[in-house]
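Remarks on the overall topology
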Amino acid sequence: MTTALIQTAEGAFAAHFSESGLAGLDFPTTEIVPRTVAPELSAQSSVWLRLTERALKQALEGKTPDELPPLDLSAGTEFQRRVWDALRKVPSGQTKSYAQVAQSIERPKAVRAVGQACGANPIPVLIPCHRVLAAGGKLGGFSSSLDWKRKLLTREGAIPTSD
DNA sequence: AGTTCGGACCGTT
DNA sequence: AACGGTCCGAACT
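All figures in this text were calculated on a predicted structure; none of them were measured in a lab.

For DNA strand B, the full set of nearby residues is T77, F79, Q80, R107, K109, A110, R112, A113 and Q116. At a separation of 2.4 Å, a base nitrogen of DNA strand B approaches a polar side-chain atom of Q116. Looking at the surface near DNA strand B, the elements that each hand over two or more residues are helix 2 (78-88) and helix 4 (111-119). Among the residues forming the surface near DNA strand B, the class breakdown is 3 nonpolar, 3 polar and 3 charged.

Laid out in structure tokens, this is it:
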């Protein structure tokens, strides 16, 4: 699993690639990244990196990425992958509640579990866990800072009702 | 209107 | 067995 940094206007994201695709994406950290020699990226990984970089930048502008790298979600459980798939179907500018997501995957009562699965999302931004709000249009939670959730939503034109 | 409380519910560790 | 990025209704302020 190799890691590469992606510079954006918002800071440096870390992208993790496995043999089968993009497996993780981390929000910029304030920590100083140790200056190690970048391991060589396989030819394939560098292609994926370009795709990731492009997609990420588009997403940060609130646009829908025109192409994503292959995603490696094999680390997730069946339930989680189902949630993540459902998230990917929520278009930019729109939002769903945790309950709505639960219904869309045929588990209407697994509301809190959906919340958990969102928090376990290894590829935020590209898998839009931020588009899931609490009932009544309230912001709800976010593993990384809520500021990110707000920022992403406003960029997409989905105005989280106050708060 | 807004807030707080208490249960019910389900997947993960 | 305990914990969540929840939800809903009831009972408050």
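Further remarks concern the side chain of R131. In this structure, R131 sits in the loop between helix 4 and strand 5 (132-133). Since its relative accessible area comes to 11%, R131 is described here as buried. A polar side-chain atom of R131 sits 3.5 Å from the main-chain carbonyl oxygen of P91. Polar side-chain contacts of R131 include one of 2.6 Å to the side chain of E156.

As a matter of local geometry, DNA strand C sits amid 18 residues, with Y98, C118, C129, A135 and S143 nearest to it. Atoms of DNA strand C within 4 Å of the protein: sugar and phosphate make up 31%, bases the balance. Here A135 contributes a backbone N or O atom positioned 2.7 Å from a phosphate oxygen of DNA strand C. Residue S143 places a side-chain N or O atom 2.8 Å away from a base nitrogen belonging to DNA strand C. For the surface near DNA strand C, the secondary structure elements donating two or more residues are helix 3 (98-104) and helix 4. In terms of residue count, helix 4 provides more of the surface near DNA strand C than any other element does, 7 residues in total.

Here we come to the packing of aromatic side chains. Applying the stated rule across the entire model yields 5 aromatic pairs. Here F13 and W148 contribute two aromatic rings whose centre-to-centre distance is 5.8 Å and whose plane-to-plane angle is 70 degrees, an arrangement assigned as edge-to-face. Here F13, found in strand 2 (residues 11-17), pairs with W148, found in helix 5 (residues 146-155); they are 135 residues apart in sequence, far enough to count as distant. According to the relative accessible area criterion, F13 is buried, its value standing at 1%. You can call W148 buried: its relative accessible area is 13%.

Conventions and cut-offs
Residues numbered from 1 in each chain as written. Chains lettered and ligands numbered in written order. Predicted model: local features only at pLDDT ≥ 70, side-chain atom pairs only at ≥ 80, totals over all residues. Heavy atoms only, no water. Near = heavy atom within 4 Å. Polar contact = N/O pair within 3.5 Å; in protein donor to acceptor, adjacent residues only side chain to side chain. Helix = DSSP H or I, 4+ residues; strand = E, 2+ residues; numbered from the N terminus. Nonpolar A, V, L, I, M, F, W, Y, C, P; charged D, E, K, R; others polar. Buried < 20%, exposed > 50% of the residue type's maximum accessible area, 1.4 Å probe, protein only. Phe/Tyr/Trp six-rings, centres within 6.5 Å; stacked < 30°, edge-to-face > 60°.

Any functional reading would require information that these geometric values do not contain.
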